[in-house]
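# Inside the fold
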Protein chains: 2
Amino acid sequence: MSYVQEQAEKVRQAAERIRGHIRRTTALTTDLDPDLRLKPECFQVTGSFKPRGAFNAVLSLVQSGKRPAGVIAVSSGNHAQAVALAARSVGLPALILIPEDANPAKVAATRALGAEVIQEGITFANREQRLREVMAERGFSLVHPFDDWNVIHGQGTAVRELLEDEPELDVIVAPVGGGGLLAGSAISAKSHNSALHVVGVEPEAANDAFRTWKTGSIQTLATSPKTIADGVRTTAIGARNFEVMFVNRLVDEIVTVTEAEIGAAVHVAWSRLHLALEPTGTLPLAAYLAGKLPGGRTGLVLSGGNANLQTVATLLGTP
Amino acid sequence: MSYVQEQAEKVRQAAERIRGHIRRTTALTTDLDPDLRLKPECFQVTGSFKPRGAFNAVLSLVQSGKRPAGVIAVSSGNHAQAVALAARSVGLPALILIPEDANPAKVAATRALGAEVIQEGITFANREQRLREVMAERGFSLVHPFDDWNVIHGQGTAVRELLEDEPELDVIVAPVGGGGLLAGSAISAKSHNSALHVVGVEPEAANDAFRTWKTGSIQTLATSPKTIADGVRTTAIGARNFEVMFVNRLVDEIVTVTEAEIGAAVHVAWSRLHLALEPTGTLPLAAYLAGKLPGGRTGLVLSGGNANLQTVATLLGTP
């Protein structure tokens, strides 16, 4: 079996494993362009695609026979809620480290899903160190947000479903932060049709994946990037993600978009698509609207809808 | 055949007639409550349910063999775009009378669909009179927004689809303005299961349908009501709508919601459901959130997404 077929088999197994825990979101068409197909992961449980990977990782842990004492994650966003939900579903405690300056609404949502949240003394800079300390203390297993095979294969189920709904697509476009969603999407796309063009989209202000693609080695941002797309503020893609995306060339292209282009996409998403997306979730739409995609029948993976309402209100209120 | 079965047969014929022109919107589930099913008509062509009725009316006219010189409608909102699109699809000219004070974005959207728009000298008060004059001048056929059997049967296709997706519902809830959507919904609901509880929701500020239900005769508002739900600013339901809803008792209950309850529902729709709905489209959700629905497995018909972005920005920006 080829690399891509082996990886795709793992995505198939993930789809089977997580069925009954996640929603099968149905592809949408839009008046904007008859060639577009939208995968609206804002309708996924918890409001983002993240439970696909989190459930696959947590269920795999439990089914492996080495049931951990609990699971742990570091996240200020959608991954936190996804891990909290997956852990609760299998009766495991979840501990989430969230930086002190995180959005209180997201902290509350994570607590509401039954997770223990530690914020005190957690910063973006020291959180990896604190993670290792807490893991050692409690014997919990880590669910990494992207550099984990089970997470990558779980995220791949979104495009797998999209291609079940719409088998004739020419282009697949997904946001890229750490590369979990993009690597999974690329596996599903290329195993479906090796001629499918796979595009990752990231903010210009966080162009590490773009530079990684160009240079052929993992490039790292010096600090967490300033971008309205808060779901892709990672400083580098993971090693496994790099292997899938660039060593095995399952991703064809990385496209960057400006903050203004993301803002415009949020406006179009809310007013024309009638989808209340978070800025990160509009990255593929931003690339489309900016004329940065190749054309043809195009599937946009709209990754989530957990927007900061104040930010969106400001965007919408600006004509 | 009983009254409801005869009416339902017309809805079935409408569904066949308009297939290929409208989208079959898929029911959604939500984290908010596992008993809720959402019919997201914001994803319908033009962003509201209105093309269901408009296409059924225009296609019926054309198929009757008495092809008119053109079609005409009076509307400042979603019905205008629906009639413009339906007319263009069959190659008929469309003339839309829109009051002078209407939202310029909606006027532009109607013109973009190829319709001729007359705004000069059109007011809410004189528009019926001007309509009759223009119809006589040009020999165009009217597509009434609600008091028209083809429109009622076309609108009924939305709940027909919802019950195909979700046959086990206990309650169906739809907004009520002139009663096209609610009458059609009630036909589809009661013919599916006579025990299904059918609820119409209107703003307290526009409670003519509520008073019509209570008194058993059509009640009329003295002036166009002031409500954020601009899709239901009609002053009375139609005669045909009254026949379906109250003479034949296919609607069980009318519920009213306050402007604050509508505002809260817009907030929840955009932040929790991730649906960018217009205020009118949130009326069933407003009734649900206010605890005004009976409970059980409940289908909410969310009628459209063509919101005034400034209004929504203000709502979302208010914590």
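In this text, all values refer to a predicted model and were calculated from it rather than measured experimentally. (Residues numbered from 1 in each chain as written. Chains lettered and ligands numbered in written order. Predicted model: local features only at pLDDT ≥ 70, side-chain atom pairs only at ≥ 80, totals over all residues.)

## Some words on the overall build of chain A
Assigned secondary structure in chain A consists of 12 helices and nine strands. In terms of overall size, chain A behaves like a compact globule, its C-alpha atoms giving a radius of gyration of 18 Å where 319 residues would be expected to give roughly 20 Å. Taking the principal axes of its C-alpha atoms as reference, chain A extends roughly 50 × 50 × 40 Å. The buried share among the 319 residues of chain A stands at 57%. (Helix = DSSP H or I, 4+ residues; strand = E, 2+ residues; numbered from the N terminus. Rg over C-alpha atoms; globule rule 2.2 N^0.38 Å. Buried ≥ 20, exposed ≤ 12 C-beta atoms within 10 Å, placed from the backbone.)

## Things to note about the nonpolar core
Formed by 212 residues in total, the largest nonpolar core has its most connected members in Val83 of chain A together with Val83 of chain B. With near-sequence residues (within four places) excluded, valine 83 of chain B lies in contact with Ala54, Val71, Ala73, Ala94, Ile96 and Val143 of chain B. (Core = buried A, V, L, I, M, F, W, Y, C linked by C-beta atoms within 7 Å. Contact = placed C-beta atoms within 7 Å.)

## Here we look at the pairing of strand 6 (residues 171-175) of chain A
Residue and element names in this part refer to chain A. With five of its five residues buried, strand 6 lies for the most part within the structure. The alternating pattern of strand 6 places Val171, Val173 and Pro175 on one face and Ile172 and Ala174 on the opposite face, and all of these are buried. Relative to strand 7 (residues 197-203), strand 6 is paired through five bridges, and the arrangement is parallel. Residue pairing across strands places proline 175 opposite valine 201, the latter belonging to strand 7. Traced from strand 6 through helix 7 (residues 180-192) to strand 7, the parallel crossover comes out right-handed. One ladder, built from three bridges, connects strand 6 with strand 9 (residues 298-302); its direction is parallel. Following the sheet pairing, valine 173 is matched in strand 9 by leucine 300. (Pairing = 2+ DSSP bridges. Right-handed = clockwise from strand over helix to strand, strands pointing away.)

## A closer look at the interface of chain B and chain A
With 22 residues of chain B at the contact, the number on the chain A side is 22 residues. Put simply, the parts of the chain that give the side of chain B that touches chain A at least two residues each are helix 10 (259-273) and helix 12 (309-317) of chain B. Residue contributions to the side of chain B that touches chain A peak at six residues, all from helix 12 of chain B. Of the residues contributing to the side of chain B that touches chain A, the split by class is 11 nonpolar, nine polar and two charged. (Nonpolar A, V, L, I, M, F, W, Y, C, P; charged D, E, K, R; others polar.)

## Re the relation of the copies chain B and chain A
Between chain B and chain A, the superposition needs a rotation of 180 degrees and an axial shift of 0.0 Å, giving an RMSD of 0.0 Å. Taken together, the rotation and translation describe the operation of a two-fold axis. Residue alanine 313 of chain B of chain B places its C-alpha closer to the rotation axis than any other residue of that unit, at 2.2 Å. (Least-squares fit on C-alpha atoms with pLDDT ≥ 70 in both.)

## A look at the domain arrangement of chain A
All names here are of chain A. Split by domain assignment, chain A resolves into domain 1 (3-48 + 148-317) and domain 2 (52-142). Computed over C-alpha atoms only, the centres of domain 1 and domain 2 are separated by 23 Å. Of the residues lining the interface, 23 residues belong to domain 1; the matching set on domain 2 comes to 15 residues. Mapped by element, the contributors of at least two residues to the side of domain 1 that touches domain 2 are helix 1 (3-18) and helix 6 (149-165). Of the residues forming the side of domain 1 that touches domain 2, the biggest block, seven residues, is contributed by helix 6. By residue class, the composition of the side of domain 1 that touches domain 2 is six nonpolar, 14 polar and three charged. (Domains from an automatic or database assignment.)

## Points about the sheet that holds strand 2 (residues 71-74) of chain B
Think of a sheet as strands paired side by side through backbone hydrogen bonds, with each pair either parallel or antiparallel. All names here are of chain B. Judged by pairing direction, the sheet is parallel, and its four strands sit side by side in the order 4-3-2-5 without closing on themselves. The two strands at the open ends of the sheet, each matched to only one other strand, are strand 4 (116-118) and strand 5 (141-142). Where strand 3 (residues 94-97) and strand 4 come together, three bridges link them in parallel fashion. The partner of leucine 95 across the bridge, within strand 4, is glutamate 116.

## Thoughts on the pairing of strand 8 (residues 253-257) of chain B
Two faces, one strand: in a regular strand the side chains alternate between the faces of the sheet. Residues and elements named next belong to chain B. Of all five residues that make up strand 8, four are buried, and the element is covered over most of its length. Relative to strand 8, strand 7 (residues 197-203) runs parallel, the two being bridged by five bridges. In the sheet register, valine 201 faces strand 8, and the bridge partner there is valine 255.

## A few points about the environment of histidine 192 of chain A
All names here are of chain A. Within the secondary structure layout, histidine 192 lies in helix 7. Under the C-beta neighbour-count criterion, histidine 192 is labelled partly exposed, with 19 such atoms within 10 Å. Sequence separation between histidine 192 and valine 74 is 118 residues; the distance between their C-alpha atoms is 33 Å.

## Re the sheet that holds strand 9 (residues 298-302) of chain B
Residues and elements named next belong to chain B. Taken in spatial order, the five strands line up as 1-9-6-7-8 in an open sheet, and their pairing is parallel. Every interior strand has two partners, whereas the edge strands, strand 1 (36-40) and strand 8, have only one. Within this sheet the neighbouring strands show an average axis-to-axis angle of 25 degrees, counted without direction. Contacting strand 6 (171-175), strand 7 and strand 9, helix 7 (residues 180-192) crosses the sheet at an angle of about 165 degrees to strand 6. (Axes fitted to C-alpha atoms, helices over the stretch in contact; angles between N-to-C directions.)

## Let's talk about the packing of helix 3 (residues 78-89) of chain B against helix 4 (residues 104-112) of chain B
Residue and element names in this part refer to chain B. Axis separation between helix 3 and helix 4 bottoms out at 8 Å; the angle between their running directions is 10 degrees. It follows that helix 3 is roughly parallel to helix 4 by the angle criterion. Of the residues in helix 4, those touching helix 3 at Ala80, Gln81 and Ala84 are Lys106, Ala109 and Thr110. Its residues assigned to classes, the contact of helix 3 with helix 4 shows three nonpolar, two polar and one charged. (Parallel < 35°, antiparallel > 145°, perpendicular 65-115°, else oblique.)

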